[in-house]
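What follows is the residue order along each chain.
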Amino acid sequence: MSDKRARGRRPTAEEKALWRHVTRDVVPLRAKKARIPEADYATELRETAEPSFPRENPETRALPALPRIEPAKPAPADLEVGRPAGVDKRNATRLRRGKLPIEARVDLHGMTQERAFRALNGFILRSHEAGLRCVLVITGKGLRPDGGVGVLRSAVPRWLNQSPCRERVLAVTHATQNDGGEGAYYVMLKRKK
């Protein structure tokens, strides 16, 4: 096969102008920034002879407009007990040390999971609506003879990460010994908008 056939035809002046217009902002990946002379595509097209582009197909000319896509709100990150990511350092330290005033509390001792879940959701929603910032959720330690952790103690952080609580909760950490220790959680709520 000859060299001429392998390369194909030579691009026209119009095709060269179009290519320069399309690649004017392209920078090679592994080379230094290439210096591409600025070219005015419209001027170069006017200077060339009759355009050689195929005529528009009437069926493709009247395509419907695409609907506007709104950017999705990012989902809040999962809460981790003891790691208040959405709180400034000063308030995170105060929350962890139990120095923020507790404005309300709920005690889930002795409740079934279903009842405790409903009570927790209602408590968080009412507290947020009331504009409260720091609340105490008491689960009890629920220590088992086999060394396991109580059902409510392990379920509450998971429930706080689910809707509708997650949209209202800013941070969660274990309470100090004075407020229940490992059997209770300080919950910092977001400000009411």
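Placed above this text is the structure.
Conventions and cut-offs
Residues numbered from 1 in each chain as written. Predicted model: local features only at pLDDT ≥ 70, side-chain atom pairs only at ≥ 80, totals over all residues. Heavy atoms only, no water. Pairing = 2+ DSSP bridges. Helix = DSSP H or I, 4+ residues; strand = E, 2+ residues; numbered from the N terminus. Axes fitted to C-alpha atoms, helices over the stretch in contact; angles between N-to-C directions. Contact = heavy atoms within 4.5 Å. Core = buried A, V, L, I, M, F, W, Y, C linked by side-chain atoms within 4.5 Å. Buried < 20%, exposed > 50% of the residue type's maximum accessible area, 1.4 Å probe, protein only. Salt bridge = Lys/Arg side-chain N within 4 Å of Asp/Glu carboxyl O.

Time to look at the sheet that holds strand β4 (residues 184-189). On the basis of which strands lie adjacent, the open sheet formed by four strands has the order β1-β2-β4-β3 and mixed pairing. Of all the strands in the sheet, the pair left with one neighbour each is β1 (104-107) and β3 (169-174). Sheet twist, expressed as the average angle between the axes of neighbouring strands with direction ignored, equals 20°. Here β1 runs beside strand β2 (residues 134-138); their pairing, made up of four bridges, is parallel. Pairing of Arg-105 across the sheet is with Leu-136, part of β2. Here helix α6 (residues 113-129) sits on the sheet in contact with β1, β2, β3 and β4, set at roughly 170° to β2.

Moving on to the nonpolar core. Nonpolar side chains in soluble globular proteins tend to be buried together. With 22 residues, the main nonpolar core has Ile-124, Leu-160 and Val-187 as its most contacted residues. Broken down by secondary-structure element, the contributors of at least two residues to this core are β1, α6, β2, α7 (151-160), β3 and β4. Broken down by element, the residue count for this core peaks at five residues, all from α7. When residues no more than four places from it in sequence are discounted, the contact partners of Val-187 are Ile-124, Arg-133, Cys-134, Val-135, Val-137, Leu-160, Val-169 and Ala-171. Counting residues in each nonpolar core, the second largest holds 13 residues, with Leu-100, Cys-134, Leu-170 and Ala-184 among its members.

All right, on to unusual backbone geometry then. Along the chain, Ser-163 connects to Pro-164 via a cis peptide bond; the corresponding omega equals 5°. Following the sequence through the fold, Pro-164 ends up in the loop between α7 and β3.

Scanning the entire structure with this criterion turns up three salt bridges. With a closest N to O distance of 2.8 Å, Glu-15 and Arg-9 form a salt bridge. When its relative accessible area of 59% is taken as the criterion, Arg-9 is described as exposed. Here Arg-118 and Glu-114 are joined by a salt bridge, their closest N and O atoms 2.9 Å apart. Placement of the pair is Arg-118 and Glu-114 together in helix α6, with a separation of four residues, close to one helical turn. This pair shows no difference in class: Arg-118 is exposed, exactly as Glu-114 is.

Moving on, we come to the environment of Phe-123. Along the chain, Phe-123 falls in helix α6. Residue Phe-123 is classed as buried on the basis of its relative accessible area, which comes to 7%. Sequence separation between Phe-123 and Val-135 is twelve residues, and the spatial gap between their C-alpha atoms is 9.4 Å. In contact with Phe-123, not counting residues within four places along its chain, are Ala-104, Arg-105, Val-106, Val-135, Leu-136 and Val-137.

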